[in-house]
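Here are the chains, one letter per residue:
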Amino acid sequence: MVVTILTTYLITIEIGKLHTRRDIFLKENKATLSRDEKKAYREIIKAKQKKLLILCLFVDLGILAVLKYTNFAISNANAVLRLFHSQEISFMDLALPMGISFYTFQTVGYLVDVYRGKYLPEKNLGKLALFVSFFPQLIQGPISRFDDLSKTLFAEHSFDGRNVTFGLQRILWGFFKKLVIADRILVAVNTITKDPENYQGIFVFIGMLFYAVQLYADFTGGIDITIGIAQVFGIKVQENFQRPFFSKSITEYWRRWHITMGTWFRDYVFYPISISSPMLKLSKTSRTKLGEKIGKRVPVYLSSITVWFATGIWHGASWNFIVWGLMNCFVIIVSQEFEPFYSKFHNRFNLRGTYGFRLFQVMRTFLLMCSIRILDCYRDVGTSFKMFGTMFTKWRFSDVFQGALLDLGLEKSDYYVLAIGVVILVMFSLKQRSGNVWEKMENGPLLLRYAINIVLLISVITLGAYGIGYDSNQFIYNQF
Amino acid sequence: MMKKTKILQVAAAALVTIIILVFLEKLLMPKYMTQILEGALISEYYQEKEKDHDVIFVGDCEVYESFSPITLWEKFGITSFIRGSAQQLIWHSYYLLEETLRYEKPEVVVFNVLSMKYDVPQKEAYNRMALDDMPMSITKLKAIRASMMEEEKFITYLFPILRYHSRWSELTSEDLKYWLKRERISHNGYLMRVDTKAVTTIPTKKRLPNYEFSEICYHYLDKMTALCKENDIELVLIKAPSLYPHWYDEWDEQMRAYAEENDLYYINFLDYTDEIGIDYSTDTYDGGLHLNLSGAEKMSEYFGRILTEKYNLRDHREDAELKKIWDGKIAFYNQTIEMQFSELELLGYIKAFNKKKEEG
C-alpha cells in the first residue's frame, strides 16, 4: 500500500504540473499560437502525461497482479506443462494485503481522474494516504472516488449527534445482517457446496437461494458497517447497493449491486476501451465488412467482454470467477439481442406495467443471478455446471421433507431466526423505496426508536452466529 | 435544555439495555444445578456468609471428592472449604487461592498435586467452570490470561453472554428455575456421591517419554508456596488416593524433593490406604478414579487427625455461633445423603450424575 500511495502521489504531482504548465503556456501564448500549434503542444504534454500514467498503472496494477494472480498464472502454466509432462513450477508464498483490490482500484481511479484533468492532484501526501487507506472501506469497499470522498474526509468536523446516532444505527444494522443472517446461513451453504457428491438436485437449488441470502446479508452488512463507521466520524461514503434483488433485469441489477465497482469499470475500463483508437478502427472495419447492423455491435460487445472478464478476475484469481463474469456478459448481451422480440411480445400482450409481470421479471432476474452465482460456490467450473445440471435431473422434493434440512448444520431454531431475518430484510428494503429508513425512524415515536435499537443490539448479541465455532471476522468480500 | 434531555434519554436507554443484557446473561449462563454439578462448585464459596476457615483446599476433582468438610467439623471441629473444580489446573488453583486470600487467611492450605502433570490448558469447559463464577478482580483477569485456550477470547470471560449467547435455543426449565438464584449443591465444596462402583481393573501404566514436571507448573507451585509464606499460611501438598489416573513414582520423587527443599509437608495418600482403611470395593463410585462418601469420610478422619496434630488447629465445636452455622450444614449434608440413597434405591442411580439415563 505504501508503494502504491507513494508512486501515485509522485506521478500525479508530475501529471498535475504538466497540466499547469500547459495551461500557463497556452494562456501566455494565446495570441501568438495558431490552432494547430496549440493542438501540437497539447499533444506533446498529453504524450508525456500518458507515459507517466502508464508507468504508474504498471506499478499499481503490477503489485496487484503479482500478489494476487501469480499463483493463478502458475497453476494455469502447470496445467499446460502437465500436458507435455514437463516439470511444474512451484507456487509462491505471497501474502495478500487486505483489501488490495479495493485500494488499488480507488488509487487507479484517482490517477486516471488527475490524468484526465478532472481535478488537481492532492499535494498533501498525508491526505492522499488517508484517502487510499481510509480504514472502514479497506475490508470490502465501496470503491470511493477522490472528488466525492475528499469533500467530507478532509473537512473539519465538529461533533454531530445526529451523524453519530445514524452511524451507530447503521453499524448495528450491518452487524445484524452479518452475524444473525449471513454467518448463520453460511453453515448450510458450506455443507451443501463442500460436499457436491451428496448434495445434489434440490439441495443445489436450496444452496443457491441460501447463498444469495448469505452474500447479500454479508456484503450489504459489511457496507452498512463501513458507511456507519464513516458516518460516526462525519464522513460520507457512497452507497453501494440499492435494493438489487428488486431489479427487473440483469443490467438493472448491476446498476444496483456493488454500484461503485460497476461505475468504476464503466468509467475506467469500458469507456476508455470503447473510445480507444484500436477500437474505433475496429468499429470502422467491422461496419464496413459486416454491415452497419452487426458491425456496430462488435466494438461494444468486445468492450463488454473485456470489462466482464476483468470484473470476474477482480473478484478472484480463479476460472470460476472469470466464467462467472463472462456468463453475466453473455446474459446481458443475449437480453439486449432479444429486446426486439420482447418489444413485439409487449406490443401484442401489453403486460409491461402489470404487477404480475413485474413480479415475474424480479423473480426471473433473481433466479438468473443466483444461477450464475453457483460458480462462486463450487470448487471448479466443471463441478459448478454439473451441480447446476443436477437441479434438472435429480430433483426430488421428498429429500427435503424427510428432515434433510436439519442435516445441513442448522437447527429448527436457526431456520426460524433466518426466516424472521429475511422477512425483516425484505420489509426494510420495501420501506427504503420511499426514502431513507433511518430518517423515517428519526421522525417516529421516541420510545419505538429506542426499542428498535435495543432489540437490534440484543438480537445481534444473543442471536449472532459468532464465537467458538464461528469466524465472524471474515467478510466474503474482503478476499477481493 | 434540549441537549440535557437528549443525554438523559440516551443514558436511560443505555441503562435499560445494560439491565436487559445482565438478566439475559444470567439466563443464558449454564446453571449446573441438576446436571454437571461440578460446574457450580466455584460459585458456592461466595455464598458463604462466614468466610473464615481453618483449612482451604485447592485442586481438581481429587480434592472435592476426597474430603468432607462436614466430617472434619464433626470429628475435629475444623472449619474448612474446598475450592475445587473439575480438572482444575495449577494456575487455576493458584489464582483461586490468591482470590480466596482477599476474603480470609486460613491456617492451612491444601493443594492436590495431580495437576502438576498438565502444563497447557486442557479444555474450555474446565476453564469456564473454574473462572466464570469468580467475581471480577485483577486476580480473575490474570487467571483468565493464564488459562485461555488458543481459540478462546478474553472478552468472553469479561462478558460471558458473548460465549453463552447461542444457548438461547437450548434453554430448559432449569435455566428459568435458577435464573436469578441458584441452590447449594455442595457441602463446603465437597461434591457428594453415595453410590459405589468397585475397582475391578486398573489400566496399565504407560511409560512416559518424560517424567519431569514442566517449568510452568513449578512456576505456579513456587508462587503458591511464596504466597502462603507471605501470609504465614502452612501449605500442605497432597496426592489423593485415586488409583487412576496413575501417579508415577518419578512424579512422587519430584514432589518429595520439592517439599523438602521448600520446607513443606507432602503426603501421598496412596501410600497410606490401608492405614486410612480405604476399601476400593466399597469406597469409590467409579472404579477407583474418585472416592465416594464412605471413602471421603475415611480420608477426612485420617487427614483431620494429621491437621490437628501437626498444625494445632483449634476445635471450634464449642463456639455457639459456629455450631449453629455448622448444624445447618450437617442437616443439609444428611438430607443429601438420604436423598441420594433413596434415589439409588428407587432408580438404581443418582439422577444428577446420570445424564444419559435421565435423558432416556
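All residue numbers here refer to positions counted from 1 along the written sequence of the relevant chain. All chains are assigned letters beginning with A, and all ligands numbers beginning with 1, in the order in which they are written. Under the rules for a predicted model, residues below a pLDDT of 70 receive no local features and side-chain atom pairs below 80 are neither given nor counted, while totals for whole chains, interfaces and linings still include all residues. The side-chain quantities take in all heavy atoms of the structure and omit both hydrogens and water.

## As for the overall build of chain B
Scanning chain B from terminus to terminus reveals 16 helices and five strands. Whereas a compact globule of 360 residues would reach a radius of gyration of roughly 21 Å, chain B reaches 22 Å, a difference of no more than 12%. Oriented by its inertia axes, the alpha-carbon framework of chain B measures out at about 80 × 50 × 50 Å. For the exposure calls, accessible area comes from a 1.4 Å probe over protein chains only, and a residue counts as buried if that area is under 20% of its type's maximum, exposed if over 50%, partly exposed in between. Here chain B holds 360 residues, and the buried ones make up 54% of them. Two residues form a contact once any of their heavy atoms are found within 4.5 Å. Put simply, of all contacts in chain B between residues at least 6 apart along the chain, 82% involve residues at least 24 apart. Note that accessible areas follow from Shrake-Rupley with a 1.4 Å probe, and for residues the cover is restricted to the protein chains shown. Accessible surface computed for chain B: about 17,400 Å², of which carbon and sulfur atoms make up 54%. His is not counted here, nor are the chain ends, while Lys and Arg score as positive and Asp and Glu score as negative. To locate a charge, take NZ of a lysine, CZ of an arginine, CG of an aspartate or CD of a glutamate. Across chain B, the mean location of the 45 positive side-chain charges is 8 Å away from that of the 59 negative side-chain charges. Numbering goes from the N terminus for both helices and strands, where a helix is a DSSP run of H or I of at least four residues and a strand is a run of E of at least two. Throughout, the radius of gyration refers to the C-alpha atoms, and the reference size of a globule is 2.2 Å times the residue count to the power 0.38.

## Description of the environment of Ser80(B)
Residue and element names in this part refer to chain B. With respect to the helices, strands and loops of the structure, Ser80 is situated in strand E2 (residues 80-84). Considered as a pair, Ser80 and Glu275 are 195 residues apart in the sequence and their alpha carbons are 23 Å apart. With residues near it in sequence (within four places) discarded, Ser80 still touches His53, Val55, Phe57, Pro69, Leu72, Asn188 and Trp326.

## Here's the deal with the interface of chain B and chain A
Quite often, the size of an interface is put as the accessible area lost when its parts meet. Listed per partner, the contact involves 20 residues of chain B and 16 residues of chain A. A per-residue breakdown of the area chain B buries against chain A is headed by Thr17(B), His165(B) and Trp168(B), which together make up 36% of the total. Within this document, salt bridges are pairs made up of a side-chain nitrogen of Lys or Arg and a carboxyl oxygen of Asp or Glu, the two lying within 4 Å of each other. Taken together, chain B and chain A are joined by zero salt bridges. Think of a polar contact as two N or O atoms within 3.5 Å of one another; within protein, one of them needs to be a possible hydrogen donor and the other a possible acceptor, and neighboring residues in sequence only count if both atoms come from side chains. On the surface where chain B and chain A come into contact, there are four residue pairs in polar contact (both at pLDDT 80 or more). Under the grouping applied here, Gly and all other residues not named as nonpolar or charged are polar, the nonpolar ones being Ala, Val, Leu, Ile, Met, Phe, Trp, Tyr, Cys and Pro and the charged ones Asp, Glu, Lys and Arg. Per-class residue counts for the side of chain B that touches chain A are ten nonpolar, five polar and five charged. Each of two parts loses accessible area, computed with a 1.4 Å probe, when they are put together; buried area is these two losses added.

## Focus: the nonpolar core
Joining through side-chain atoms within 4.5 Å is the link that ties buried Ala, Val, Leu, Ile, Met, Phe, Trp, Tyr and Cys residues into a set, and such a set is a nonpolar core. Among the nonpolar cores identified, the biggest contains 170 residues, and Trp254(A), Phe57(B), Phe67(B), Ile238(B), Phe269(B) and Phe303(B) are the most heavily contacted of them. By residue number, the principal contributor to this core is helix H7 (residues 202-232) of chain A, which donates 16 residues. Start and end points for every domain follow an automatic or database-based domain assignment. Split by domain, the residues of this core number at least three in each of domain 1 (2-133) and domain 2 (161-479) of chain A. Ignoring anything within four residues of it in the chain, the contact list for Ile238(B) reads Val63(B), Phe67(B), Val110(B), Phe111(B), Asn112(B), Val113(B), Tyr266(B), Ile267(B), Phe269(B) and Phe303(B). Of all hydrophobic cores here, the second largest spans 47 residues; its members include Trp91(B), Phe111(B), Tyr220(B) and Tyr258(B).

## Observations concerning the side chain of Thr226(A)
Locating Thr226(A) in the fold gives a position in helix H7. Filtering out sequence-adjacent residues up to four positions away, Thr226(A) remains in contact with Pro136(A), Gln137(A), Gly141(A) and Pro142(A).

## Concerning the domain arrangement of chain A
All names here are of chain A. If you check the domain split of chain A, you get domain 1 (2-133) and domain 2 (161-479). For domain 1 and domain 2, the distance between their C-alpha centroids amounts to 30 Å. Listed per partner, the contact involves 15 residues of domain 1 and 17 residues of domain 2. Buried area between domain 1 and domain 2, both sides added, is near 1,300 Å², and the carbon and sulfur share of it is 67%. Considering only the surface of domain 1 that becomes buried against domain 2, Phe72, Phe102 and Phe105 emerge as the three largest contributors, covering 44% of it. At the boundary of domain 1 with domain 2, the tally comes to zero salt bridges. Scanning the region where domain 1 abuts domain 2 turns up six residue pairs in polar contact (both at pLDDT 80 or more). For the side of domain 1 that touches domain 2, the secondary-structure elements that each account for two or more residues are helix H2 (35-83) and helix H3 (100-116).

## A closer look at the packing of helix H1 (residues 2-28) of chain A against H3(A)
All names here are of chain A. Put simply, H1 and H3 touch, their axes get as near as 9 Å, and they point 10° apart. Classified by the interaxial angle, the pair formed by H1 and H3 is roughly parallel. Along the contact surface, H1 presents Thr4, Thr8, Ile11, Thr12, Ile15 and His19, while H3 presents Tyr103, Thr107, Tyr110, Leu111, Val114, Tyr115 and Arg116. A breakdown of the residues in the contact of H1 with H3 according to their chemical character gives seven nonpolar, five polar and one charged. Here an angle of 0 to 180 degrees is reported between the N-to-C directions of two axes, which are lines fitted to C-alpha atoms, with helices fitted over the stretch in contact. For classification, angles of less than 35 degrees are called roughly parallel, those exceeding 145 degrees roughly antiparallel, those between 65 and 115 degrees roughly perpendicular, and all remaining angles oblique.

## Describing the pairing of E2(B)
Residue and element names in this part refer to chain B. Taken across its five residues, E2 has five buried, putting it largely inside the fold. Residues Ser80, Ile82 and Gly84 point to one face of E2 and Phe81 and Arg83 to the other, with burial holding for every one of them. A pair of strands is considered paired only if DSSP assigns at least 2 bridges between the two. Sheet topology note: the strand E1 (residues 55-59)/E2 ladder contains five bridges and is parallel. Considered in E2, the bridge of Ile56 is made with Phe81.

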